[in-house]
Amino acid sequence: QVQLVESGGGLVQPGGSLRLSCAASGNIFRIYGMYWYRQAPGKQRELVAGISSGAVTIFEDPAKGRFTISRDNANNTVYLQMSSLIPEDTAVYYCNADLQTSDGGSVHGYWGQGTQVTVSL
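Residues numbered from 1 in each chain as written. Predicted model: local features only at pLDDT ≥ 70, side-chain atom pairs only at ≥ 80, totals over all residues. Heavy atoms only, no water.

Colleague: Before we go on, may I ask you to explain the overall build of the protein chain in this structure?
Modeller: A count of helical and extended segments in the protein chain gives zero helices and eleven strands. Along its sequence from the N terminus, the protein chain presents helices and strands in the succession β-β-β-β-β-β-β-β-β-β-β. With the C-alpha coordinates of the protein chain rotated into their principal frame, the extents come out at 50 × 25 × 25 Å. Per-residue burial over the protein chain gives 39% buried out of 121 residues. (Helix = DSSP H or I, 4+ residues; strand = E, 2+ residues; numbered from the N terminus. Buried < 20%, exposed > 50% of the residue type's maximum accessible area, 1.4 Å probe, protein only.)

Colleague: What's the story with the state of the cysteines in this structure? I'm lost.
Modeller: Two cysteines form a disulfide when their sulfur atoms are joined by a covalent bond. This model, assessed by the stated rule, comprises one disulfide. Here Cys-22 is linked by a disulfide to Cys-95, with a sulfur-sulfur distance of 2.1 Å. Across the S-S bond of Cys-22 and Cys-95 the torsion is about -80°, and the bridge reads as left-handed. Taken together, the positions of Cys-22 in strand β3 (residues 18-26) and Cys-95 in strand β9 (residues 91-101) put the pair 73 residues apart, joining distant regions of the chain. (Disulfide = S-S within 2.5 Å.)

Colleague: Looking at this model, I keep getting lost on the packing of aromatic side chains. Mind explaining?
Modeller: Two numbers describe a pair of aromatic rings. These are the distance of the centres and the angle of the planes. All chains considered together, the criterion is met by two aromatic pairs. Look at Tyr-94 and Trp-111: their rings are 6.5 Å apart centre to centre, the planes differ by 85°, and that puts the pair in the edge-to-face class. Remark: Trp-111 occurs in strand β10 (residues 108-111) and Tyr-94 occurs in strand β9; sequence separation between them is 17 residues. The exposure class of Tyr-94 is buried, given its relative accessible area of 13%. Given the relative accessible area of 40%, Trp-111 is considered partly exposed. Every member of this aromatic cluster is reached through a ring pair, and the members are Tyr-37, Tyr-94 and Trp-111. One residue, Arg-19, lies across the ring of Tyr-79, its end atom 4.0 Å from the ring centre. Residue placement shows Arg-45 over the ring face of Trp-111; its charged tip is 4.6 Å from the ring centre. (Phe/Tyr/Trp six-rings, centres within 6.5 Å; stacked < 30°, edge-to-face > 60°. Lys NZ or Arg CZ within 6 Å of the ring centre and 35° of its normal.)

Colleague: Looking at this structure, I do not really get empty space enclosed by the protein. What am I missing?
Modeller: The method is simple in principle: a probe with the dimensions of a water molecule rolls over the atoms, and the space it marks as empty is what remains. Per the stated rule, a full pass over the model turns up one cavity of 30 Å³ or more. Of the voids in this model, the largest cavity is the one considered here, and its volume is about 30 Å³. Surrounding the largest cavity, Arg-38, Glu-46, Leu-47, Val-48, Pro-62, Ala-63 and Phe-67 form its lining. The biggest single contributor to the lining of the largest cavity is strand β5 (residues 46-51), with three residues. Its residues assigned to classes, the lining of the largest cavity comprises five nonpolar, no polar and two charged. (1 Å grid on protein atoms, 1.4 Å probe; cavity = no way out; pocket = protein on both sides within 12 Å on 5 of 7 lines; lining within 4 Å. Points joined across faces, edges and corners; volume = space filled by probe spheres on them. Nonpolar A, V, L, I, M, F, W, Y, C, P; charged D, E, K, R; others polar.)

Pasting the structure below:
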């Protein structure tokens, strides 16, 4: 069984920063890409950023220049450092990981439960 647990969300003022963490645990053999998505009220879930096992990163337009993604492969953890936050960043942020379990199964995507980020005065 695999679990992804996000943490680090909360309420922050515009212009502030937050660091989200997502730790994967369970019968994991190998983790490939790790991603952060977000879903604002009334909107579809959207990709924010991703990072490969070799630390190649991708960022969607809202995150470019403001967010940084990194990972700790030894601890199966991915981070999202968010700076210069604006109210439009308010959303539930979800972690996603493409991974292979120890029982030799194929690669599947797994989701965390999400963490709320609210940017407001």
